[in-house]
Amino acid sequence: MKTYLSYGVREMVKRKRLFLFIILSFTSVMIVGLNTGIFMYGFLQSRIEQAGQDYHFMLGRLDESDLEIIRSVDCVESVRGEEVSGTVTAYIIFKDDFAGKFKIYAEEVLEALDPWERIPYYHNEKIYYDAAGVTGFWFNPIYMESYNYNYLDISILITILFSFAASAGVLLCFHIKISSTTTEYGILSSLGMKKRQVFMINLLQLFICEAISFFIAFPISYIVMEVSSHIAKKNLYSLESNLFIVKIPYADVLFALIFMFAFIGFGIGLMLKAKLKMPINYVIKDIKNINVVYSGYSGKKFEQLAFESESEKDTSKSSIAPYINIYNKRNFYGIFYESMCRIFIMVLPIAAVVTSIFPLRPMIASTKYLNQEDCVVIDFIDTFNSNPISESVKEEILSVNGVVSYRPEVSNLTNETVVLHINLDPDLRDSALSEIEMICDENYLGFTNRYQITRNIVTQSSYYFTLYICEGIFLTICSGIIIFLLNTYVFSSRKPEFALIRVLGLKSDEIKKILMRDSILLLPAYVLSMIIYYPIMFKFFMMGEFDLNIFMYIISFGIIQAAVFFAVSLLSYRYNLRRFAKSSISENLNKSY
Amino acid sequence: MDALLKCENLVKIFTQGEKTIYAVKDCGMTVRKGEFAAITGPSGSGKSTLLNLMAYLDTPTSGNVFINGKNLSELKDDELSEFRNAEIGFIFQDFNLLPILSAKENILMPSLLSKNPVSRSYFNEIIELLGIGDRLEHLPSELSGGQRQRVAIARALINKPSVIFADEPTGNLDRENSAEIISLMMSLHSQGCTIIMVTHDMDIASKADTVYRMTDGVILKL
Ligand SMILES: Nc1ncnc2c1ncn2[C@@H]1O[C@H](COP(=O)(O)OP(=O)(O)OP(=O)(O)O)[C@@H](O)[C@H]1O
Ligand SMILES: [Mg+2]
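Residues numbered from 1 in each chain as written. Chains lettered and ligands numbered in written order. Predicted model: local features only at pLDDT ≥ 70, side-chain atom pairs only at ≥ 80, totals over all residues. Heavy atoms only, no water.

Q: Explanation requested: the overall build of chain B in the structure shown.
A: For chain B, the helix and strand inventory stands at seven helices and 10 strands. Counting the 222 residues in chain B, one finds 58% classified as buried. Long-range pairs, those at least 24 residues apart, make up 72% of the contacts in chain B between residues at least 6 apart in sequence. When the accessible surface of chain B is summed, it comes to about 9,300 Å², and 46% of that surface belongs to carbon and sulfur atoms. (Helix = DSSP H or I, 4+ residues; strand = E, 2+ residues; numbered from the N terminus. Buried < 20%, exposed > 50% of the residue type's maximum accessible area, 1.4 Å probe, protein only. Contact = heavy atoms within 4.5 Å. Areas by Shrake-Rupley, 256 points an atom, 1.4 Å probe, with all protein chains shown as cover.)

Below is the structure:
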């Protein structure tokens, strides 16, 4: 490693807390991003690609020679023929399980078949995937086309948008860092360091931060996603792969990492350029760091209160207020950046949750049949003897693993139809069906050997709800931690200033006032982030045919989030004030990053 | 003899990992009201640390500081603040001006925090004495080292404190300016202000009523 770069590493070790703050913000942003990514990608995969793995492309009414023809088509991996009353149905698995190509493959297969075999199926739209009896969703080529189109486009678009937002957030943290170390860059420049080298040091630090953050964020995201979906799945009697699978979009993640590095690096370059363009001694003095809007605010009130003749001093009132005013007005950009930081932290989690659903909206809307009422229905008829099915048989059937409920449907003297609800999990379903078949054989019951799915037209709300709530809670915790760190960092960087005013006679109580005024100043940031986000979200949700519950969830999520952030802010101030009071003034005077 | 400031058995130990630095070792000194005490000694001998302890900017590892008979360690935090504001003026070795305030605002800051604001005439008097009248609107970063030093001195004087702690107030000034500052401080002294000053300059030390010498954390009255 070049020797000047080791300065950058050393700086990271020495300024542990500052870099910890950057790394943690980076990590949280990544967790949010990875969660969004995994969630979105996993969902899309389950809707499209998993379907291709699980289910076969099915044709009907063929003979052995037709199967041979199909077998010889390039894209076909394997064909299995199944005969039902003289008609062979071919189940086909393609080599490439990407559903985006299924329509093309289907056409290739049909092309290979004789025209008279081909026509009826195609025209009757009988190309479909036997998705656990869920027909109608997959066989429509238009569906396939539009979803694949959406998926590829939106996935990359969201990755870019997200990386952009995340980079902007991290860049703000870096701005805080660069601002607080400008003096050092000046000193280093005076010792002969080139601007390029200063830039390289920062790039190295960015790289290290990003790498560390990634290695923290990646497992956490994965675990959170697994745990969230595990909790969400608890009461679900549905085919899991129809809902969600935890799958990592490696290409998107890699792309996002590179994009973020490039974007933040570029931003750092611009910042440094602006900072270092002044003559070196100005850089050392870091004159521009205090963005004095001097003519705009003369501090008249300050003087009036400081001089005895000009105003009757009201000692009951806070005497530090004029100072706070001056500080805030002259530190406009500092507050601006800090506010922006907070807006990002506030908006990101909810943005993640919402953007992750946005591309899925049409799919969720068309996945209405999946909820815990969904089950396989089996009719079996007691044709052999005209007695009703005995209680013991009923018990036996109910004890089969996978049977959810038992309901007599039609009952008369000669036969009895019973509807069984069976769990949709393919493995469970298969074993349950064979067990039931055995029971039927033993008791001379007619078993239809056919099953169908009942569909309750209800949105799969409990599943998504639980998932969003889990996600929401976790992401709020993440952003709460960043708010805490940000507050702590900002407080720490102002420690010498507070200590100095203490030397001049400020009571420790009045530091609270300064902090309170600061918080009030940041209030617009919180309000703004709400204003930016909620109408957009509202629109999304209205488009998605969601019920009021989900909208209420979003609103309450926002309120809870705001409350959490407020509490965290108070907590962090308390914590910092205590620590400040614990150390002596001279210690605080010298403490800075 | 009116003891304004008295410290007993002051000890300050800094620990950094396994290293222990005895910055101040068992210091005792008494400063009368109106006395001008100078502390000299080699660099790193603990002068600044001692000054910090006496103004209670730092808590001693052991020992007590009394000002006007009050034990500072027994004062409540708020009382200590009021006490600092009204009775103590501190001039730091490295100025410690508030970067966002102009020179004028820096000087007026203690007055802002005080129950008894300063009169404009006194303010003018001070800045005239210090010769910084034409630099009042500038920020600290736009001032020269000497100018910053004077602003820091003006700030220490603005509330007419009963004791001024000065940590090398003339360290950044040329002879002429330095002499001006010293004569200013001497005139304050003659008005009854107590001054405790750290200085390397033997000329200045010779003007003091009492001279202390510090070596390796141990103080010795000369
Ligand atoms: N916060 C601290 N932690 C550890 N050691 C410290 C701390 N502050 C001061 N010291 C050490 O205590 C000793 C005395 O420091 P001090 O600043 O009082 O010296 P000084 O006499 O004022 O020197 P100078 O004349 O150079 O200003 C030094 O060895 C210094 O390194
Ligand atoms: Mg010193």
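Q: What is the right way to look at the pattern of salt bridges in this model?
A: For side chains bearing opposite charge, pairing can occur when the charged atoms are close. Overall, the coordinates contain 13 salt bridges over all chains when judged by the stated rule. Here B:Asp134 and B:Arg135 are joined by a salt bridge, their closest N and O atoms 3.7 Å apart. A relative accessible area of 56% places B:Asp134 in the exposed class. Residue B:Arg135 is classed as partly exposed on the basis of its relative accessible area, which comes to 28%. A cluster of three or more residues bridged by salt bridges with shared partners is formed by A:Glu11, A:Arg15, A:Lys177 and A:Glu184. (Salt bridge = Lys/Arg side-chain N within 4 Å of Asp/Glu carboxyl O.)

Q: Help me out: how do you make sense of the site of ligand 1 in this one?
A: Residue and element names in this part refer to chain B. Taken together, 14 residues are adjacent to ligand 1, and Ser43, Gly44, Lys47, Ser48 and Thr49 come closest. Between an oxygen atom of ligand 1 and a side-chain N or O atom of Ser43, the distance comes to 2.5 Å. Note that an oxygen atom of ligand 1 is positioned 2.6 Å from one of the side-chain N or O atoms of Thr49. When ligand 1 is considered free in solution it has 640 Å² of accessible area, and contact with the protein chains removes 67% of it. Within the residue set of the shell around ligand 1, elements represented by two or more residues are strand 1 (3-16), strand 2 (19-32) and helix 1 (47-54). With three residues, the single largest contributor to the shell around ligand 1 is helix 1. Considering only residue class, the shell around ligand 1 consists of three nonpolar, nine polar and two charged. (Near = heavy atom within 4 Å. Polar contact = N/O pair within 3.5 Å; in protein donor to acceptor, adjacent residues only side chain to side chain. Nonpolar A, V, L, I, M, F, W, Y, C, P; charged D, E, K, R; others polar.)

Q: Whenever I open this one, the side chain of B:Thr49 confuses me. Can you help?
A: Relative to the assigned elements, B:Thr49 resides in helix 1. Residue B:Thr49 is classed as buried on the basis of its relative accessible area of 14%.

Q: Looking at this model, I keep getting lost on the sheet that holds strand 5 (residues 70-71) of chain B. Mind explaining?
A: For sheets, the rule is that strands pair by backbone hydrogen bonds, running either parallel or antiparallel. All names here are of chain B. Taken together, the four strands give an open sheet; going across it, the order is 2-1-4-5, and neighbouring strands pair in antiparallel fashion. For this open sheet the edge positions go to strand 2 and strand 5, each flanked by a neighbour on one side alone. Pairing of strand 4 (residues 62-67) with strand 5 involves two bridges; the strand directions are antiparallel. Among the inter-strand pairings, Ile67 is bridged to a residue of strand 5, identified as Lys70. (Pairing = 2+ DSSP bridges.)

Q: How should I be thinking about the nonpolar core in this particular structure?
A: When a protein is soluble and globular, its nonpolar side chains tend to lie buried together. Within the largest apolar cluster, 101 residues are counted, with the highest numbers of intra-cluster contacts made by A:Tyr323, B:Leu50, B:Met54, B:Met109, B:Phe165 and B:Ile196. Setting aside residues no more than four positions away along its own chain, B:Met109 makes contact with A:Phe302, A:Ile320, A:Tyr323, A:Ile501, A:Leu504, B:Leu98 and B:Leu101. Among the nonpolar cores identified, the runner-up in size contains 64 residues, and A:Leu5, A:Ala217, A:Val224 and A:Met225 belong to it. (Core = buried A, V, L, I, M, F, W, Y, C linked by side-chain atoms within 4.5 Å.)

Q: Looking at this model, I keep getting lost on the interface of chain A and chain B. Mind explaining?
A: The parts lose accessible area when they come together, and the size of an interface is often stated as this lost area. Facing 37 residues of chain A, the contacting portion of chain B comprises 39 residues. Between chain A and chain B, the buried area comes to about 3,600 Å², and carbon and sulfur atoms account for 63% of it. For the pair chain A and chain B, the number of links is one salt bridge. A:Lys507 is the partner of B:Glu82 in a salt bridge, and the nearest nitrogen-oxygen pair spans 2.7 Å. (Buried area = accessible area lost by both parts, 1.4 Å probe.)

Q: Just checking my understanding: could you explain the side chain of B:Asn52 for this structure?
A: The residue B:Asn52 is located in helix 1 in this model. Note on B:Asn52: relative accessible area 15%, which makes it buried. Aside from chain neighbours lying at most four places away, what touches B:Asn52 is A:Ser586, B:Leu57, B:Asp58 and B:Phe90.

Q: I keep staring at the coordination of the magnesium ion (ligand 2) and nothing clicks. Help me out?
A: Octahedral metals with six donors have ideal donor angles of 90 or 180 degrees. Tetrahedral metals with four donors have an ideal donor angle of 109.5 degrees. Residues and elements named next belong to chain B. Within the first shell, the magnesium ion (ligand 2) binds the protein through Ser48 (OG) and Gln93 (OE1), at distances of 1.9 to 2.3 Å. With Ser48 in helix 1 and Gln93 in the loop between strand 6 (88-91) and helix 3 (103-113), this pair connects stretches of sequence that are 45 residues apart. Its relative accessible area of 37% is what places Gln93 among the partly exposed residues. (Donors = N, O, S within 2.8 Å, 3.2 Å for Na, K, Ca; no water.)

Q: What exactly am I supposed to notice about a nonpolar patch on the surface here?
A: All names here are of chain A. On the surface, Ile156, Leu157, Ile160, Leu161 and Phe255 cluster together into a nonpolar patch covering about 420 Å² of accessible area. If one sorts the elements of the nonpolar patch by residue count, helix 7 (residues 141-190) sits on top with four residues. Within the secondary structure layout, Leu161 lies in helix 7. (Patch = residues over 30% accessible without salt bridge, like charges linked within 9 Å, V, L, I, M, F, W, Y side chains within 5 Å.)

Q: Honestly, the pairing of strand 4 of chain B in this entry has me stumped. Any pointers?
A: Remember that side chains alternate between the two faces of the sheet whenever the strand is regular. Residue and element names in this part refer to chain B. Two strands pair when backbone bridges link them, and strand 1 and strand 4 are joined in this way by five bridges, in the antiparallel orientation. In the sheet register, Val11 faces strand 4, and the bridge partner there is Ser62. Hairpin geometry of strand 4 and strand 5 is characterised by an intervening segment of two residues between the two adjacent antiparallel strands and by a positive phi of about 50 degrees at Asn68.

Q: Sorry, what's going on with the packing of helix 13 (residues 321-330) of chain A against helix 3 of chain B here?
A: Orientation of helix 13 of chain A relative to helix 3 of chain B, taken along the N-to-C sense of each, is 145 degrees, at an axis distance of 11 Å. On the side of helix 13 of chain A, the interface is formed by A:Pro322, A:Tyr323, A:Ile326 and A:Arg330, while helix 3 of chain B contributes B:Glu105, B:Met109 and B:Leu112. Tallied by class, the residues present in the contact of helix 13 of chain A with helix 3 of chain B amount to five nonpolar, no polar and two charged. (Axes fitted to C-alpha atoms, helices over the stretch in contact; angles between N-to-C directions.)

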